[in-house]
Amino acid sequence: MSTEEHPSADPAPAGNAPRSLAEALRTRDDASLSALLRARPDLITPVPTDLTQLATRAGTRASVVRALERLDRFALQTAEALAVAPEPATYEQLLALMAGDDRDPAVTGAFPHALGTLREQALVWGPHDRLRLIRTARELLAPSPQHPSPTGLGPTVAEATAGMSPGRIQEIVTAAGLASTHDSVSAVASLTGLFTDRAEMSALLDRAPAESVDVLSRLVWGPPYGQVTADPARHLRWLIDRGLLLPTAPGTVVLPREVALHLRAGRAHRVTEPVGPAVEAAATHRPQVVDSTAAGQAYTALATVEELLKDWHEGGPAVLRAGGLSVRDLKRTAVALDVSEPVAAFWVELAYAAGLLASDGEAEERYAATPGYDEWLERPAAERWARLASAWLNSTRTPGLVGARDAKDRTLSALGPGLDRSAAPEVRHRVLALLATLPEGASPAPDSVLARLQWERPPRSPQPADDLRTRLARWTLSDAESLGVTGRGALSAQGRALLGLPPAAGHDTAPAAGPGDKLPVHRRPHPAPETVRSPAEQAAAAARAVRILAPLLPEPLDHVLLQADLTAVAPGPLRRPLADTLGVLADVESKGGATVYRFTPGSVRRALDAGRSASDLHAFLGEHSRTPVPQPLTYLIDDVARRHGHLRIGSASAYVRCDDDAVLNEILADKRSQGLRLRRLAPTVLAAQADPGALLEGLRAMGFAPAAESAEGDVLITRAHARRTAPRTAPEPVPEGPPVPDATLLGAAVRAIRAGDLASTAPRKPTSADRPGSGGLPRTSSAETLATMQAAVMTGESLWIGYVNAEGTATQRVIAPIRVEGGFVTAYDRTADEVRTYPLHRVTGVAELADGQA
């Protein structure tokens, strides 16, 4: 089989097999090293000085755990199988553990790719006849009494008999029908050979009592440990005498790994999953229906965010001392938006993630709209939606956690700390990408999406439903529908464009796994390329989504339909000046496809307080109504306007002034005015001990229509005060580990690692650096360093130097000095492949290269 046909083939002949991971990395080309650094970006922070340091870093526990967590289920099962295989293992031995004695064709076909993935990520190294799992991964995955293996296998015969007396081992060998040996090592080897011989093992089990076979069947898939009494039953004694169960502690026996593998027909796992479950379609709709439904949801999302920030127009709720929104304020916001509290938390967090909402930073800190909100309002509807959707897609804020408890048993609040989850953007992208693999207009079965994600990233939680990624996926499906990224559960055209996916013509393909990838869609890797996009690419995708969505959104209207019951019906979205004015003149009674506004004395008075006259209101309604202005509405406006400002209130503490003393007599006679503590100063003036605002509200509650006036006696025009924060930027997502490096950084890192490795492995003559405690760098005096440098300039030889840069980092380099002057050496740096100048005081020492290496 050729290397091209076998993705995990290692061209290195067995005779030149690498003896360490560092040597294995030296056999890789630049493309392979780049793939490793791209798959495990934590290895590049900071850039390793050479391949030995890269190998060391790749074997650290934190890095290996991160790499294992990002494997799909089949690749992880392959690593788990290699952890219970002999070390080193052959390709055929590992394949047998995965595919079993019957060599499952699905497993056999998928196995090379899984092994290639482990090789690429430096979790496995060595040629096919000497495969090795990196030591840290073996420690994590190999079985032990304290940490059972995911395979359910126990220790080998050799491991289980390590502390057993030689006499007892010989008794087991004899009872199993084998010839006795002269030493324990050969006896254990003989017993192991029996247990791994399929024919001999079958013959032995054929002679076993039925009860004994039943005991083995209960232990075969794990856990492999069982309890026995001091005097075991006859069928248990039969197993113990022949080594089919071996004691590990008083009262405890274990099923040896070789016996379990025979009973499993050679399989390391009970269920092997070489292929991820396909995402199934639950229903199919016409694409036009999906897109129009999603567009309707998108428009509703815009209206909801506007309503939220309009509700907080004059200053929103106070910020808790620990940060975030109080439970009471979240409930009040949910009532104002007519949604449940979890949904209200989603909209609040969405506005925050989009940079439309923030805390004002004042002494008594409150939430308010940002100046960016006013700019956002002026943009076309499709662009406003794209900003919200992009913010949701890339934000690490997780509204679904609101109300849950953190590690310190504190309640997580909306807009508060502790809601960032680094995995959220990747899960959102991946869920939507899976939806894109379905036929156009098809909505998925949610369980199939969750099953696919759990295969791609096996959950660490014993309860998969409680796994964070599973919950994030559920929230993604719900949030995408609310936001209009999906319609009726299916991915919309604007949602597809926002992801940067090709148009619907390519709906049945997933993002390519790489050049030459011929795997089916359900088997392609998922390195989350969707989340690694430059700002320019994201902006281009958002612009494309805007172009698709814009024609689907309804055009704003410039008219309403007035009705005789003092209501106005807006049959669609209204243009902003009309909507703003009507929002002051009337109260919203109901929403939906058409918005119903109701005119009341209070709403008309609100418009008059804002500086509108009765004639202005009549002209406004006549201009914007497609139906005649009803007479009851005309009478309502005139009646409120006639009484509006008849009473005047100013500040003394406060006073009431009216030219009609009969009205003032009526106020004094009303029992409801006693709380205002009014007294007559003159026939047309009353004084109050309440402040002007309380006096206004009190008289309005009594049915009067007073107006506030200034110190000069002019009527004060009251408009809603728009509270805004100082300029704020949207919250930055919290990354999950180091960012994935781009091609430029990868190329520079690979060159630097190669250069450092060349310097560290270049043959050289023995120096003081070879003595213990020298630190590995050459150490020479300043005079010796200068003399050696000058001699190398004349002879043209290359030198090995130690160099400490301005940051204090020590490196090794191979240079060919060109000139030495002024305390500097100018030389061709073979490790960097360029001419550089180095201060001599930073050179720790110099040594000559071995003969033939200069």
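Points about the packing of aromatic side chains
Moving on, step 1. As enumerated under the stated definition, the model contains five aromatic pairs in all.
Moving on, step 2. Residues Phe346 and Trp347 carry aromatic rings whose centres are separated by 4.9 Å and whose planes lie at 65 degrees to one another, so their mutual orientation is edge-to-face. In this pair, the class of Phe346 matches that of Trp347, namely buried.
Moving on, step 3. Residue placement shows Arg384 over the ring face of Trp376; its charged tip is 5.4 Å from the ring centre.
Moving on, step 4. Above the ring of Phe620, the side-chain terminus of Arg612 is found at 6.0 Å from the ring centroid.

Quick word on the sheet that holds strand β13 (residues 567-570)
Moving on, step 1. Pairing within the open sheet is antiparallel, and its four strands lie in the order β12-β13-β15-β14. The two strands at the open ends of the sheet, each matched to only one other strand, are β12 (561-563) and β14 (587-590). Going across the sheet, the axis of each strand differs from the next one's by a mean of 30 degrees, ignoring polarity.
Moving on, step 2. As judged from the four bridges shared by β13 and strand β15 (residues 595-598), these two strands associate in the antiparallel manner. Its bridge partner being in β15, Ala570 is matched across the sheet by Thr595.

A closer look at helix α10 (residues 166-175)
Moving on, step 1. If you check which residues of α10 are buried, you get Ile169, Gln170, Ile172 and Val173. Down the axis of α10, the smallest arc covering the buried residues is 160 degrees, so these residues share one side.
Moving on, step 2. Lining the buried residues of α10 we find α11 (184-196), α14 (234-241) and β4 (246-249).
Moving on, step 3. The first or second residue beyond α10 is Gly177, which carries a positive phi of 90 degrees.

Focus on the environment of Lys331
Moving on, step 1. Residue position: Lys331 is located in helix α17 (residues 327-337).
Moving on, step 2. Spatially, the C-alpha atoms of Lys331 and Ala344 are 8.3 Å apart, while their sequence positions differ by 13 residues.

Things to note about the pattern of salt bridges
Pairs can form between side chains of opposite charge once their charged atoms are near each other.
Moving on, step 1. Scanning all chains against the criterion turns up 33 salt bridges.
Moving on, step 2. Between Arg267 and Asp104 there is a salt bridge, and its shortest N-O distance comes to 3.9 Å. With Arg267 in the loop between α15 (257-263) and β6 (281-284) and Asp104 in the loop between α6 (91-99) and α7 (105-120), this residue pair connects regions lying 163 residues apart in the sequence.
Moving on, step 3. Look at Asp104 and you get partly exposed, because its relative accessible area is 23%.
Moving on, step 4. Measuring nitrogen to oxygen at the nearest pair gives 2.7 Å for the salt bridge that ties Arg642 to Asp639. Pair noted here: Arg642 and Asp639 are both in helix α29 (residues 631-643), with a separation of three residues, about one helical turn.
Moving on, step 5. Classification of Arg642 as exposed rests on a relative accessible area of 59%.
Moving on, step 6. The class of Asp639 is partly exposed, set by a relative accessible area of 29%.
Moving on, step 7. When salt bridges with common partners are traced through the structure, they connect Arg168, Glu171, Arg237 and Asp241 into a single cluster.

Points about the nonpolar core
Moving on, step 1. In terms of nonpolar packing, the biggest core is built from 88 residues, with Leu37, Leu54, Phe195, Leu244 and Leu245 touching the most fellow members.
Moving on, step 2. Grouped together as the second largest cluster of nonpolar side chains are 68 residues, Ala301, Ala345, Ala423 and Leu432 included.

Definitions and limits used
Residues numbered from 1 in each chain as written. Predicted model: local features only at pLDDT ≥ 70, side-chain atom pairs only at ≥ 80, totals over all residues. Heavy atoms only, no water. Phe/Tyr/Trp six-rings, centres within 6.5 Å; stacked < 30°, edge-to-face > 60°. Buried < 20%, exposed > 50% of the residue type's maximum accessible area, 1.4 Å probe, protein only. Lys NZ or Arg CZ within 6 Å of the ring centre and 35° of its normal. Pairing = 2+ DSSP bridges. Helix = DSSP H or I, 4+ residues; strand = E, 2+ residues; numbered from the N terminus. Axes fitted to C-alpha atoms, helices over the stretch in contact; angles between N-to-C directions. Arc of directions from axis to C-beta. Contact = heavy atoms within 4.5 Å. Salt bridge = Lys/Arg side-chain N within 4 Å of Asp/Glu carboxyl O. Core = buried A, V, L, I, M, F, W, Y, C linked by side-chain atoms within 4.5 Å.

Scope: geometric values only; no functional claims are made or implied.
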